[in-house]
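If you want the building blocks of each chain, they are given just below.
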Amino acid sequence: MSDFFNQVSRRKFILTAGASASAVFLKGCLGNPPENLTGGSSQAVPTAQPVVNLSPEQTPETTTVKLGYIPIVEAAPLIIAKEKGFFAKYGMTKVELSKQASWGSARDNVEIGAAGGGIDGGQWQMPMPHLITEGLITKGNQKIPMYVLAQLVTHGNGIAIASKHAGKISLQVANAKSLFKELKSSTPFTAAFTFPHVNQDLWIRYWLAAGGLDPDADVKLLTVPAAQTVANMKTGTMDAFSTGDPWPYRLVRDKIGFMAALTAEIWKNHPEEYLAIRADWVDKNPKATKAILKGIMEAQQWLDNFDNRKEAAQILAGRNYFNLPTPEILADPYQGKYDMGDGRKIDDKSMAAYYWKDEKGSVSYPYKSHDLWFITENVRWGFLPKDYIANNAAKAKELINKVNREDIWKEAAKEAGIASADIPTSTSRGVEEFFDGIKFDPEKPEAYLKSLTIKKVSV
Ligand code: CA
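Remember, it's a predicted structure, so these values are computed and weren't measured experimentally.

Caption draft 1: Representation of the overall build of the chain. The helix and strand tally for the chain stands at 19 helices and 16 strands. Taking 459 residues into account, the globule formula puts the C-alpha radius of gyration at 23 Å, and the chain, at 21 Å, falls close to it. The dimensions of the chain, computed from C-alpha atoms along their principal axes, are 65 × 55 × 55 Å. Here the chain holds 459 residues, and the buried ones make up 58% of them. Contacts spanning at least 24 positions in sequence make up 76% of the contacts within the chain whose residues lie at least 6 apart. Of the roughly 17900 Å² that the chain leaves accessible, carbon and sulfur atoms contribute 52%.

Printed below as a string of structure tokens:
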């Protein structure tokens, strides 16, 4: 099949898949209440919130937006904002949430845009919005400007390992160096992430390299959707994977594997996934964008009340969202309780997923210093050229200033009456520290790269 035909048929498939009318009809025939396949809810009617009296300045230009999500805990603010009526409260009464089959589909769908049957934006690993803006991961290298608007969550991710390695691999992977070297000569240790060059790829690389293993030479890394990875682990062809809850925890529950590390252990209070929308949509609908942000912020605050987390787990586990056999799979991790599957147990609320605030301050606010870490890490592994961080990261900063719209976050927060103590005054969270003692000073990204032993870039 020619590339051209491949692309045409792929687009056609996406467009067809976008039209859910036939699926709705089918569900109706089976006696189930019709539901919107792309993320509506038949199980829970959105909880009505007191309607805010919107001034003309705050009345959104449109009540509709189509946001993509992946069924992992990172998506919770989107789902909760819809189901608990927080979007509607600010005038966004027709937010459509569209479950994406993979990160590649999310990228393809945002390229098309909602008008063409795709999406306007949604949940992203970092720095996907920057890579899409630069045309580095799009078809024909088309530049599609995007805006990062909020961080969705911290923590909630982990590195899962197949049971056969239990007792041999842990957070301090250096202790397992001989095992990796031994496997390398026969069947290399195979690990998966869900999309290249972004969070999950970067977490597993950081963890391996901190233990003295070269992720490009000592293991085989590849892109596989989480569900498929679990299947591959069952059959013994996959040794590890890096992704968000509920996948790592499901693996432990089903006794297929264990967890070597939580991302909360690798980098406490780390940036995880983000809300980003196409710049053309935001520029056209600035008030609607702020209304979406206000809904997200309220959902994030609701989610951080641990008394609400049982209800959150129930909503998220629903058939039309994560489709989990039981909400219990989310309930324990949501309280910071992890059975790591190798005898190790974590019971520490500070290790749970946080949506609004953590020990370091705001989770929701998108710090530019975090964008810079993701870009610097891309330079580290040779995914982006070194010139992004040359001259005190001038090129990276130019890109970040274009993509990161923390100014819109702040405006929305002020309009929503968020306490000024919860609105950061600096775009930098300052120096970050990792579990191996390495520090990232956003003022000196080159010095960070110099401090790392295993890297692809020469600095
Ligand atoms: Ca993630």
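Caption draft 2: Fine view of the packing of helix H8 (residues 199-210) against helix H16 (residues 368-380). Direction vectors running N to C along H8 and H16 enclose 60°, while the axes themselves pass 11 Å from each other. Two packed elements cross with a definite hand, and for H8 against H16 that hand is left-handed. Contacts from Asn 199, Leu 202, Trp 203, Tyr 206 and Ala 209 in H8 reach Trp 373, Phe 374, Glu 377, Asn 378 and Arg 380 in H16. Within the contact of H8 with H16, the residues separate by chemical class into six nonpolar, two polar and two charged.

Caption draft 3: Quick peek at the packing of aromatic side chains. Using the criterion set out here, one finds 19 aromatic pairs in the structure. Plain terms: the ring middles of Tyr 365 and Tyr 367 are 4.8 Å apart, the flat faces sit at 85° to each other, and that makes the pair edge-to-face. These aromatic residues form a ring-pair network of at least three members: Trp 203, Tyr 206, Trp 267, Trp 373, Phe 374, Phe 434, Phe 435, Phe 440 and Tyr 448. Directly above the ring of Tyr 354 sits Arg 309, whose terminal nitrogen or CZ lies 5.7 Å from the centroid. For the cation-ring pair, Arg 405 lies above Tyr 147, with the distance from its terminal atom to the ring centre recorded as 4.8 Å.

Caption draft 4: Region of the structure containing a negative patch on the surface. On the surface, a cluster of negative charge is contributed by Glu 328, Asp 332, Asp 347 and Asp 348. By the element assignment, Asp 348 lies in the loop between strand S12 (345-347) and strand S13 (357-358). Residue classification places Asp 348 among the partly exposed positions, given a relative accessible area of 32%.

Caption draft 5: Highlighting the pattern of salt bridges. A complete count under the given rule lists 27 salt bridges for this structure. Here Glu 298 and Lys 89 are joined by a salt bridge, their closest N and O atoms 2.7 Å apart. Of this pair, Glu 298 sits in helix H13 (residues 286-303) while Lys 89 sits in helix H4 (residues 86-89), and the two are 209 residues apart along the sequence. A single burial state applies to Glu 298 and to Lys 89, both of which are buried. A salt bridge links Lys 456 to Asp 216; the shortest N-O distance between them is 3.4 Å. Of the two residues, Lys 456 sits in the segment after helix H19 (445-451) while Asp 216 sits in the loop between H8 and strand S7 (220-223), which places them 240 residues apart along the sequence. Taken together, the shared-partner salt bridges connect Arg 107, Asp 108, Glu 111 and Lys 139 into one network.

Caption draft 6: Highlighting the coordination of the calcium ion. Distances from the calcium ion to its protein donors, namely Glu 74 (OE), Asn 157 (OD1), Gln 200 (NE2), Glu 272 (OE) and Glu 273 (OE), fall within the range 2.2 to 2.6 Å. Going along the chain, you hit the donors of the calcium ion in the pattern E-x82-N-x42-Q-x71-E-E. Here Glu 273 lies in the loop between helix H11 (263-266) and strand S10 (274-278) and Gln 200 lies in helix H8, a separation of 73 residues in the sequence. Here the two residues Gln 200 and Glu 273 agree in accessibility, since each one is buried.

Caption draft 7: Representation of the environment of Lys 360. Residue position: Lys 360 is located in the loop between S13 and strand S14 (361-362). Sequence separation between Lys 360 and Lys 268 is 92 residues, and the spatial gap between their C-alpha atoms is 9.2 Å. Residues contacting Lys 360, with those up to four places away along its chain left out, are Asn 269, Arg 429, Val 431 and Glu 432.

Caption draft 8: Inspection of H13 at higher detail. End to end, H13 covers 26 Å across 18 residues, agreeing with the expected 26 Å (1.5 Å per residue, within 8%). Counted residue by residue, H13 has 15 buried out of 18 residues, so it is predominantly covered.

Caption draft 9: View of the confidence of the model for the chain. For the chain, per-residue confidence averages 90 on the pLDDT scale, and residues scoring 70 or more make up 90% of the total. In this model, residues 1-43 is a region of pLDDT below 50 whose contacts with residues beyond four sequence positions or in other chains number 49 contacts.

Caption draft 10: Inspection of the packing of helix H3 (residues 76-83) against helix H14 (residues 309-317) at higher detail. At a minimum axis separation of 10 Å, H3 and H14 run at an interaxial angle of 95°. The pairing of H3 with H14 is recorded here as roughly perpendicular in orientation. Contact residues: Ala 76, Ile 79, Ile 80 and Glu 83 in H3; Ala 312, Ile 315 and Leu 316 in H14. Here the residues of the contact of H3 with H14 sort into six nonpolar, no polar and one charged.

Caption draft 11: Region of interest: the nonpolar core. Counting residues in each nonpolar core, the largest one holds 81 residues, and the members touching the most others are Ile 169, Trp 207 and Trp 373. With seven residues, the top contributor of residues to this core is H8.

Caption draft 12: Expanded view of helix H7 (residues 177-184). Within the sequence span of H7, burial applies to Leu 179, Phe 180 and Leu 183. Along the axis of H7, the buried positions cluster into a sector of 95°, meaning they face one direction only. Exposed and facing more than 90 degrees away from the buried side of H7 are Ser 178 and Glu 182. Buried residues along H7 sit in contact with H8.

Rules used throughout
- Residues numbered from 1 in each chain as written.
- Predicted model: local features only at pLDDT ≥ 70, side-chain atom pairs only at ≥ 80, totals over all residues.
- Heavy atoms only, no water.
- Helix = DSSP H or I, 4+ residues; strand = E, 2+ residues; numbered from the N terminus.
- Rg over C-alpha atoms; globule rule 2.2 N^0.38 Å.
- Buried < 20%, exposed > 50% of the residue type's maximum accessible area, 1.4 Å probe, protein only.
- Contact = heavy atoms within 4.5 Å.
- Areas by Shrake-Rupley, 256 points an atom, 1.4 Å probe, with all protein chains shown as cover.
- Axes fitted to C-alpha atoms, helices over the stretch in contact; angles between N-to-C directions.
- Left-handed = near helix turned anticlockwise from the far one by under 90°.
- Nonpolar A, V, L, I, M, F, W, Y, C, P; charged D, E, K, R; others polar.
- Phe/Tyr/Trp six-rings, centres within 6.5 Å; stacked < 30°, edge-to-face > 60°.
- Lys NZ or Arg CZ within 6 Å of the ring centre and 35° of its normal.
- Patch = residues over 30% accessible without salt bridge, like charges linked within 9 Å, V, L, I, M, F, W, Y side chains within 5 Å.
- Salt bridge = Lys/Arg side-chain N within 4 Å of Asp/Glu carboxyl O.
- Lys, Arg positive; Asp, Glu negative; His and termini not counted.
- Charge placed at Lys NZ, Arg CZ, Asp CG, Glu CD.
- Donors = N, O, S within 2.8 Å, 3.2 Å for Na, K, Ca; no water.
- Expected span 1.5 Å × (residues − 1).
- pLDDT = per-residue confidence, 0-100.
- Parallel < 35°, antiparallel > 145°, perpendicular 65-115°, else oblique.
- Core = buried A, V, L, I, M, F, W, Y, C linked by side-chain atoms within 4.5 Å.
- Arc of directions from axis to C-beta.

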